[in-house]
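Examining the three-dimensional arrangement
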Amino acid sequence: MNKNPKKLPDSKGHFNGYGGRFVPETLMPALIELEKAYKQYRRDKNFLEELSILQKTYIGRPTPLYFARRLTEHAGGAKIYLKREDLCHTGAHKINNAIAQSLLAKKMGKTRLIAETGAGQHGVAAATGAALTGLECEIYMGSEDMQRQSLNVFRMRLLGAKVTEVPVGSRTLKDAINESLRDWTTNVRNTHYVLGTVFGPHPYPVMVRDFQSTIGKETRQQILKAEGRLPDCLIACVGGGSNSIGLFYEFLTHPIRMIGVEAGGHGIGTGEHAARFAGGSLGVFQGCKSYLLQDDDGNVLGTHSVSAGLDYASVGPEHCYMRDLKRIEYTYATDEEALQAFELLSKIEGIIPALESAHAVAEAVKVAPTMPRDSIIIINLSGRGDKDVQEVARIKGINL
Ligand SMILES: *Cc1c(COP(=O)(O)O)cnc(C)c1O
């Protein structure tokens, strides 16, 4: 490693040409206010103490680092550990960011949170943060997604959020994001926009990464305690990229192999996937310059993945930078491989993983046998699979 991978972004949020702030002029004051507040509170003792208590008593941190003995024996090589983000309150790592942003919004004197959601997972996390901090909450969701994810719509409403249908465009996530940005522009005085991953305009990619980097900090202590040394390889799935950078960030300056796994869907050749690095090119999307699945005219392409959380046309700008530095390797797992890993981990460890996380498990099972038996792999198990069992049954043609 000849460059310090933590040197960027610069003060404008540029990771060597990626990232930045590609938003209408009307949104700039909101982003500048947020950046200022974040800079202040990230060093504020009271804020950090309150956040730490909520991490412990509400989210359930630290999450365990579990040695997967049977998975290790099955793969036949490196020792495989699982960082159990699936055991977080609400079942995935997204809550780490949602709670921290809710608390920040409260400190900033905001009375209202808005968020966009596709599959509903980030919407549920944001609604949970709003309930916890006593803030009003409105979630934007495409009509198409609202129909597909009616259970999560009901969950958000139970949590006290208003769910607003976005009946325009493709009526999915990207339309919901546009609508949220419009709302924020109008209501910035009392409203905070909770963005769900390491994407969007500066300072979101940095702020969300910092809030998720608890994962790696805990993991470092836990593996030192369990093995007396740092791991050889880290593996995590990459949607927007928050759970992966959350695990990796603490280890970036150590000579440890890191692998980010994108959604290969039906295969790169079919065009039905969400592997931005394997099939995308540089573009601007939702306030950020990054790798993007787009056609020759710059129109954003439809994506496909069996896992809703990885089904996104672009990827966090810091990941593009890490890829250029060759600090993190990026690969993909297909739907088929993820489904096999989903069943494998369920049967062999008694842990039903989120389909997103199953992509990382699939890669670990490929890599482990190529490594010596005394080497160590850590997989970030980003979420639990209860939300996916119905979909898996449907795919397998099983009537429940
Ligand atoms: C949303 C989600 C992801 C993908 O988002 P990242 O920002 O890439 O972490 C992965 N796993 C689970 C369980 C999710 O809910």
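The structure this text deals with has already been given above.
A brief report on the enclosed structure follows. (Residues numbered from 1 in each chain as written. Predicted model: local features only at pLDDT ≥ 70, side-chain atom pairs only at ≥ 80, totals over all residues. Heavy atoms only, no water.)

1. Brief notes about the sheet that holds strand β5 (residues 112-116)
Where strands meet in a sheet, backbone hydrogen bonds hold them as pairs that are either parallel or antiparallel. We apply this condition: Paired strands, in this sense, are two strands between which DSSP finds at least two bridges. Strands are runs of DSSP state E lasting at least two residues, helices are runs of H or I lasting at least four, and both sets are numbered from the N terminus onward. Axes here mean lines fitted to C-alpha atoms, for a helix over just the part in contact, with angles spanning 0 to 180 degrees between N-to-C directions.
Strand order in the open sheet formed by 4 strands is β7-β6-β5-β8, and the pairing between neighbours is parallel. The open sheet has two edge strands with one neighbour each: β7 (162-166) and β8 (191-193). Taken over all neighbouring pairs, the strand axes of this sheet differ in orientation by 25° on average, direction set aside. Note: β5 against strand β6 (residues 136-142), 5 bridges, orientation parallel. Within the sheet, the bridge partner assigned to Ile-114 lies in β6 and is Glu-138.

2. Considerations on the packing of aromatic side chains
Let me state the cut-off plainly: Pairs were defined over the aromatic rings of Phe, Tyr and Trp, the Trp ring being its six-membered one, requiring ring centres within 6.5 Å. Orientation was assigned from the angle between planes: stacked under 30 degrees, edge-to-face over 60, tilted for the rest. Each residue's exposure class comes from its accessible area (1.4 Å probe, protein chains only) as a fraction of the maximum for that residue type: buried when under 20%, exposed when over 50%, partly exposed otherwise. Two conditions define a charge located above a ring, namely a distance within 6 Å from the ring centre to NZ of Lys or CZ of Arg, and an angle within 35 degrees of the ring normal.
Taken as a whole and assessed by the stated rule, the structure comprises 12 aromatic pairs. Measuring from ring centre to ring centre gives 5.6 Å for Tyr-38 and Phe-211, while their planes differ by 80°; the resulting arrangement is edge-to-face. Of this pair, Tyr-38 sits in helix α1 (residues 28-41) while Phe-211 sits in helix α9 (residues 204-212); the two residues are 173 residues apart in sequence, bridging distant segments of the chain. Both residues of the pair, Tyr-38 and Phe-211, count as buried. Taken together, the aromatic side chains of Tyr-18, Phe-277, Tyr-291 and Tyr-330 make up a single cluster linked through ring pairs. In this structure, Lys-6 is placed above the aromatic ring of Tyr-249, and the distance from its NZ or CZ to the ring centre is 4.5 Å. Looking at Arg-209, its charged tip hangs above the ring of Tyr-249, at a distance of 4.1 Å from the centre.

3. Concerning the site of the ligand
For clarity, the cut-off: We call a residue near a given molecule or strand whenever any one of its heavy atoms falls within 4 Å of it. Within 3.5 Å is the distance limit for a polar contact, defined as a pair of N or O atoms, with the added protein rule that one can donate a hydrogen and the other accept it, and that residues adjacent in sequence qualify only through two side-chain atoms. In this count, Pro and Cys sit with the nonpolar residues alongside Ala, Val, Leu, Ile, Met, Phe, Trp and Tyr, while Asp, Glu, Lys and Arg are called charged and the others, Gly among them, polar.
If you check the shell around the ligand, you find 18 residues, and the closest are Lys-94, Gln-121, Thr-197, Gly-239 and Ser-242. Thr-197 places a side-chain nitrogen or oxygen 2.6 Å from an oxygen atom of the ligand. Separating an oxygen atom of the ligand from a backbone N or O atom of Gly-241 is a distance of 2.8 Å. Its residues assigned to classes, the shell around the ligand shows 5 nonpolar, 11 polar and 2 charged.

4. Overview of the environment of Ile-328
Under the convention used in this document: It only takes one pair of heavy atoms within 4.5 Å for two residues to be counted as in contact.
Among the structural elements, Ile-328 can be located in the loop between α13 (317-324) and β13 (329-334). Classification of Ile-328 by relative accessible area gives buried; the value is 2%. In this structure the C-alpha to C-alpha distance between Ile-328 and Met-258, which are 70 residues apart in sequence, comes to 5.1 Å. When near neighbours in sequence (up to four residues on either side) are disregarded, Ile-328 contacts Ile-245, Phe-248, Leu-252, Met-258, Gly-260, Met-322 and Arg-323.

5. Observations regarding the pairing of strand β14 (residues 376-381)
Each regular strand carries side chains that alternate between the two faces of the sheet. For β14, the buried fraction is high: 6 of the 6 residues fall into the buried class. In β14, alternate side chains face the same way, and those of Ile-376, Ile-378 and Asn-380 on one face and Ile-377, Ile-379 and Leu-381 on the other are all buried. Two strands pair when backbone bridges link them, and strand β4 (residues 79-84) and β14 are joined in this way by 6 bridges, in the parallel orientation. In the strand pairing of β14, Ile-80 is matched with Ile-377. Judged from the 3 bridges that link them, strand β9 (residues 233-237) and β14 form a sheet pairing that is parallel. Across the sheet, the residue bridging to Ile-235 is Ile-379, located in β14.

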